[in-house]
Amino acid sequence: MDFNLQFLEYLSDAAAVLDEQRVFQRVNPALEKLLDLPRATLLGKKCFEVFQCHSSAAPIAEQDNPVQSGPDCPLLGLRQKQAPELPSEEEPLSLTTSQGEQREVFIRYVPLNLAEASASYLVLLQDRTVQKLYDRIQGQFVATASHQLRTPLANFKTSLSVLMANTGPEFPPPLHKLLENMAVSSERMERIVNDLIELTSLQSGRISLHTRPVQVDALLKEVAASLQEILKAKGQKLNFNLNLPTQKLRVEADKRRVTQLLGYLLSNACKFSPPASTITLGARLEESGDVVLWVRDEGIGIKPEEHDFIFYKFYQMQIVENTNGAGGGLGLALAKSLIELHGGRLWFESKPGSGSTFFFNLPQPKEAKDKLDGR
């Protein structure tokens, strides 16, 4: 074994080296364990024999076009004469072990240039079976718990409203204050339960979009108007970064869902910004033809070590834990799911103490893109 490949023996993830014929030349112990097959059985076999996918008798080097990979084997797209169009991210793959167990893995492959093979590929497989099972169980639990909470919560709110409606002037003010606190807490709990149900529905694919052309400036101003009371309570100012070309922009989107998304971002900006600060809503047209919308605040910012966790559900920034600024930790997770449902992405720029800006992109209506392209 080449010295530069000895590290494969110590990887915790499954790994292998394929030659230009898609034949296993090297495998590591983690792959033997994943497939429940000994190394001697794997070496010399073609990938489609092991991964149970479609085979191709022709060598890769002789193919003018790459073999179209089926849903169960992205390895078939490898080729020799031309640099392979490798995926920028991991791809899912379902494997069956020698004992018939189904394993869910994510696969990544990288071209190698070894002396004994002109076209070799390092294949890395990460077993996500347990993680995917955990995610399914967690999703089922959240969905069930959320729906089960709705009925007692509705009964509690009804009883509380009847009680508050029948408190006369003789009712002790401290007790009346307690009832008001209970009402506020029940509203917050209801929002969290609804957000949980919404997030579970989004992530399970049970929500579909109803898209149509939406005017960008009208959309931003409508969302801002719905949060004026919150802004006024903190003395915060709202600015619009909309020049003349931007005011004419439209996006192809589900207006209700994008309004919901912007509401989460603007609410966060209000929550994490100090009184009398300025929040900016803006939009710009990209060269790609997409429209990027953003929400910028002058708040506490996000620490670099927290950047990877911001979009996780239930995550709360450390600086606001156990404070009045803490929420349910679902707003950004919901916003991310909503924009991904539109085929876009959500990202941010932030420095501690210097505020944050959250961006997301949406496509223009088809006729607007055609006009931009000069068609």
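Right above here is the structure, for reference.
Residues numbered from 1 in each chain as written. Predicted model: local features only at pLDDT ≥ 70, side-chain atom pairs only at ≥ 80, totals over all residues. Heavy atoms only, no water.

> Could you give me a rundown of the overall build of the protein, with the residues and numbers involved?
Across its full length, the protein carries 11 helices and 12 strands. Scored against the burial criterion, the 375 residues of the protein give a buried share of 41%. Here the contacts in the protein between residues at least 6 apart in sequence split such that 59% fall between residues at least 24 apart. (Helix = DSSP H or I, 4+ residues; strand = E, 2+ residues; numbered from the N terminus. Buried < 20%, exposed > 50% of the residue type's maximum accessible area, 1.4 Å probe, protein only. Contact = heavy atoms within 4.5 Å.)

> Quick one: what's the story with the side chain of S350, residue by residue and with numbers?
When you line up the elements, S350 lands in strand 11 (residues 346-350). On the basis of relative accessibility, which here comes to 14%, the residue S350 falls in the buried class. A polar contact of 2.8 Å, which involves the side chain of S350, links it to the backbone nitrogen of I302. For S350, the side chain forms a polar contact with the main-chain oxygen of G355, separated by 3.2 Å. (Polar contact = N/O pair within 3.5 Å; in protein donor to acceptor, adjacent residues only side chain to side chain.)

> Break down the packing of helix 4 (residues 129-165) against helix 5 (residues 173-203) for me, citing the residues and quoting the values.
Between helix 4 and helix 5, the shortest axis-to-axis distance is 9 Å and the interhelical angle comes to 155 degrees. Of the possible angle classes, the one that applies to helix 4 and helix 5 is roughly antiparallel. Along this stretch, helix 4 crosses helix 5, giving a crossing that reads as left-handed. Looking at side-chain class alone, the contact of helix 4 with helix 5 contains 15 nonpolar, six polar and five charged residues. (Axes fitted to C-alpha atoms, helices over the stretch in contact; angles between N-to-C directions. Parallel < 35°, antiparallel > 145°, perpendicular 65-115°, else oblique. Left-handed = near helix turned anticlockwise from the far one by under 90°. Nonpolar A, V, L, I, M, F, W, Y, C, P; charged D, E, K, R; others polar.)

> Can you explain the nonpolar core? Please cite residues and give values.
Of all hydrophobic cores here, the largest spans 47 residues; its most connected members are L265, F358 and F360. Looking at this core element by element, the count peaks at eight residues for helix 9 (residues 255-271). Among residues more than four places away in sequence, those in contact with F360 are V258, L261, L262, L265, V291, V292, L293, I339, R345, L346 and W347. A16, L18, F24 and Y109 belong to the second-largest nonpolar core, a separate cluster that totals 19 residues. (Core = buried A, V, L, I, M, F, W, Y, C linked by side-chain atoms within 4.5 Å.)

> Requested: an account of unusual backbone geometry, with residues and values cited.
Not every positive phi belongs to a glycine, and D36 is a case in point at roughly 60 degrees. Counting through the fold element by element, D36 comes out in the loop between helix 1 (29-35) and helix 2 (39-42). The backbone phi angle of A276 is positive, close to 65 degrees, even though this residue is not glycine. You can see A276 is positioned in the loop between helix 9 and strand 9 (278-285).

> I'd like to hear about helix 10 (residues 331-341), residue by residue, with values.
In an α-helix, one full turn covers 3.6 residues, which means residues spaced three or four apart are oriented alike. Counting buried positions along helix 10 yields eight of 11 residues, so the element is predominantly enclosed. Within the sequence span of helix 10, burial applies to G331, L332, A333, L334, A335, S337, L338 and I339. Turning to helix 10, the residues buried within the fold contact helix 5, helix 9, strand 11 and strand 12 (356-362). Backbone geometry just downstream of helix 10 places G343 in the positive-phi region, at approximately 85 degrees.

> Kindly report on the pattern of salt bridges, identifying the contributing residues and their values.
One pass over the full model with this rule turns up eight salt bridges. Measuring nitrogen to oxygen at the nearest pair gives 2.7 Å for the salt bridge that ties K157 to E190. Residue K157 is found in helix 4, and its partner E190 is found in helix 5; the two are separated by 33 residues along the sequence. Classification of E190 by relative accessible area gives partly exposed; the value is 28%. E222 is the partner of K255 in a salt bridge, and the nearest nitrogen-oxygen pair spans 3.1 Å. One end of the pair, K255, is in helix 9; the other, E222, is in helix 6 (residues 216-226), with 33 residues separating them in the sequence. Classification of K255 as partly exposed rests on a relative accessible area of 27%. (Salt bridge = Lys/Arg side-chain N within 4 Å of Asp/Glu carboxyl O.)

> Help me get a handle on the packing of helix 6 against helix 9, residues and values and all.
Closest axis-to-axis distance for the helix 6/helix 9 pair is 10 Å, and the angle between their directions is 55 degrees. Taken together, helix 6 and helix 9 sit at an angle that is classed as oblique. Relative to helix 9, helix 6 is oriented so that their crossing is right-handed. Of the residues in helix 9, those in contact with L219, L220, E222, V223 and A224 of helix 6 are K255, V258, T259, L262, G263 and L266. For the contact of helix 6 with helix 9, the per-class residue count stands at seven nonpolar, two polar and two charged.

> Kindly report on the environment of L202, identifying the contributing residues and their values.
Tracing the backbone shows L202 in helix 5. Measuring from C-alpha to C-alpha, the distance between L202 and L341 comes to 7.9 Å, with 139 residues separating the pair along the chain. For L202, the residues in contact, after removing those within four places along its chain, are I207, L334, S337, L338 and L341.

> If you had to explain the sheet that holds strand 7 (residues 237-241) to someone new, which residues and values would you point to?
The five strands lie next to each other as 7-9-10-12-11, forming an open sheet whose pairing is mixed. Among the strands making up the open sheet, the edge pair consists of strand 7 and strand 11. Going from strand to strand, the sheet's axes swing by 15 degrees on average, the running direction of each strand aside. Where strand 11 meets strand 12, five bridges bridge the pair, whose relative direction is antiparallel. When the sheet's bridge partners are listed, E349 is paired in strand 12 with T357. Relative to the sheet, helix 9 contacts strand 7, strand 9, strand 10 (291-296), strand 11 and strand 12, its axis offset from that of strand 12 by approximately 170 degrees. (Pairing = 2+ DSSP bridges.)

> Explain the environment of D36 to me, and be specific about the residues and the numbers.
According to the relative accessible area criterion, D36 is partly exposed, its value standing at 38%. For D36 and G100, which are 64 residues apart along the polypeptide, the C-alpha to C-alpha distance reads 9.8 Å. The residues touching D36, leaving out its near neighbours within four places in the chain, are T97, S98 and Q99.

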